[in-house]
Amino acid sequence: MQSYSPAEQWAEPRGQVQDLSWGARQRLSFANYVRADFKDEIGKDVREGLSARPKTLPCKYFYDDLGSRLFDQICRLPEYYPTRTEISILRTSGAAIMSFFEPQPGDLVEIGCGADLKIRQLFERTDPDRLAHIRYVPMDISAGCLVQSARRMLADFRGLKVHALIADFTRHVERIPAGRKMIVFFGGTFGNFTFAEGIDLLKRLAGIMGPEDRLVIGLDMIKEKEILEAAYNDRQGVTAAFNLNLLQHINVRLRADFDLNAFEHLAFWNERQERIEMHLQAKKDFNVNLAELGISWSFTRGESIRTEISQKFSRKSAQERFRKAGLQAIAWHTDPAGWFCLVELRRLQALDLGYAIQPSGNGCEKVVPSGA
Ligand SMILES: C[S@@+](CC[C@H](N)C(=O)[O-])C[C@H]1O[C@@H](n2cnc3c(N)ncnc32)[C@H](O)[C@@H]1O
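Values in this document were obtained by computation on a predicted structure and should not be read as measured data. (Residues numbered from 1 in each chain as written. Predicted model: local features only at pLDDT ≥ 70, side-chain atom pairs only at ≥ 80, totals over all residues. Heavy atoms only, no water.)

(A) The packing of aromatic side chains, seen in detail. Applying the stated criterion across every chain, the model contains 21 aromatic pairs. Ring geometry for Phe 71 and Tyr 80: centres 6.3 Å apart, planes at 85 degrees, overall edge-to-face. Since its relative accessible area comes to 25%, Phe 71 is described here as partly exposed. Ring plane angle 15 degrees and centroid distance 5.8 Å describe the contact between Phe 190 and Phe 313, whose orientation is recorded as stacked. Of this pair, Phe 190 sits in the loop between strand 6 (181–185) and helix 8 (195–207) while Phe 313 sits in the loop between strand 12 (304–311) and helix 11 (315–324); the two residues are 123 residues apart in sequence, bridging distant segments of the chain. For Phe 190, a relative accessible area of 1% translates into the label buried. Here a set of aromatic residues connected by ring pairs shows up, and it is made of Phe 62, Tyr 63, Phe 71, Tyr 80, Tyr 232 and Phe 242. (Phe/Tyr/Trp six-rings, centres within 6.5 Å; stacked < 30°, edge-to-face > 60°. Buried < 20%, exposed > 50% of the residue type's maximum accessible area, 1.4 Å probe, protein only. Helix = DSSP H or I, 4+ residues; strand = E, 2+ residues; numbered from the N terminus.)

What follows is the structure, given as structure tokens:
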């Protein structure tokens, strides 16, 4: 495992929080795990991705400051159903999910938190007196967006402590503080992983969970192709701008000269793999120079870079992943149309035998001992 110097671990983006009140600053701490080695990592990922057939680039590089803002806009688009559907589920099931903190205290860890649109649904459904017993631990690779969201949470939820982790959830989940916790992973981000990568992440999360801990994971469910494709091909072109911004981010990080006008945004439903794929397709033949890496790459017209997969799930395909990772679903929260699910999971115990599923209202199902 990689080691970190104390300075790297506890560096605080001080400039961005200096204006907070003394009281709010006392409730805030940061740990930064990505700063020192990010350039090496992005260089390695880009080199490997562009050498692959087909070419790929990791979707985590969508999220510089502009990318995070564009994603925020996507969440508000009429075609983009996942955000409003997931929020509607949080409105109905938020209090039940937060009952984890009654009466015991603990950490509410949010990985890939982005803006605070969803997590605040949980805190708004929590008794204000309990907030002092909960520490919110948001983790995101996009430092600017993380700091802004931490600031808003401190201002809006008095008593809440925030420990913000600037970190990469593909590499740093073991840095999540030990102790009683509920980990939430909203927004269908889990769908950005391949089958094997998803199981690997779930296993690593299971590995840091105690027997009582919970993982709440968002799943975008399989639905009509037209609805799925429209969500990734909005009429205002925000998703296209978000997709192209990946190249701009690489231009800045690696002193590259990708011409954004030479690429076209493509997003389509891959029925066999049950996933949406986003690509950037070259409109002509050209070369790209990546000065930081001292290399150049040639593209031919029609060639594409796959920039994101967004897996869609059935309960069966999700359960398969959970089982392989040693996790057990104990509650499924969903909307009336079943478009999106929030699944509460716990680590499988050796004694976990003989459970049955019982409906319990609000589209929620509970797993209970089969004799109950
Ligand atoms: C699809 S957005 C979802 C944001 C938010 N959870 C929601 O549901 O609206 C993905 C978020 O995960 C973050 N992210 C992507 N890859 C990451 C990584 N490898 N490590 C940490 N954060 C990551 C992005 O910065 C972004 O905020």
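That shown, we press on.
(B) Just unusual backbone geometry, in detail. The step from Arg 53 to Pro 54 runs through a cis peptide bond, and the omega angle for that step is -5 degrees. Checked against the element boundaries, Pro 54 lands in the loop between helix 3 (38–51) and strand 2 (55–56). With an omega dihedral of 0 degrees, the bond running from Glu 102 to Pro 103 counts as a cis peptide bond. By the element assignment, Pro 103 lies in the loop between helix 5 (81–98) and strand 3 (106–111). Of note in this structure, Arg 255 is not a glycine but carries a positive phi near 45 degrees. Inspection of the secondary structure puts Arg 255 in the loop between helix 10 (238–254) and strand 8 (263–270). In this structure, Glu 274 is a non-glycine residue whose phi angle is positive, near 55 degrees. Secondary-structure assignment places Glu 274 in the loop between strand 8 and strand 9 (275–282). Among the residues examined, Glu 274 registers a relative accessible area of 31% and is labelled partly exposed.

(C) Quick peek at the packing of helix 8 against helix 11. Here helix 8 crosses helix 11 at 50 degrees, and the two axes come no closer than 8 Å. By the angle between their directions, the pair helix 8 and helix 11 is classed as oblique. By crossing handedness, the relation of helix 8 to helix 11 is classed as right-handed. Facing helix 8, whose interface residues are Phe 195, Ile 199, Leu 202 and Lys 203, helix 11 presents Glu 320, Arg 321, Phe 322 and Lys 324. Within the contact of helix 8 with helix 11, the residues separate by chemical class into four nonpolar, no polar and four charged. (Axes fitted to C-alpha atoms, helices over the stretch in contact; angles between N-to-C directions. Parallel < 35°, antiparallel > 145°, perpendicular 65-115°, else oblique. Left-handed = near helix turned anticlockwise from the far one by under 90°. Contact = heavy atoms within 4.5 Å. Nonpolar A, V, L, I, M, F, W, Y, C, P; charged D, E, K, R; others polar.)

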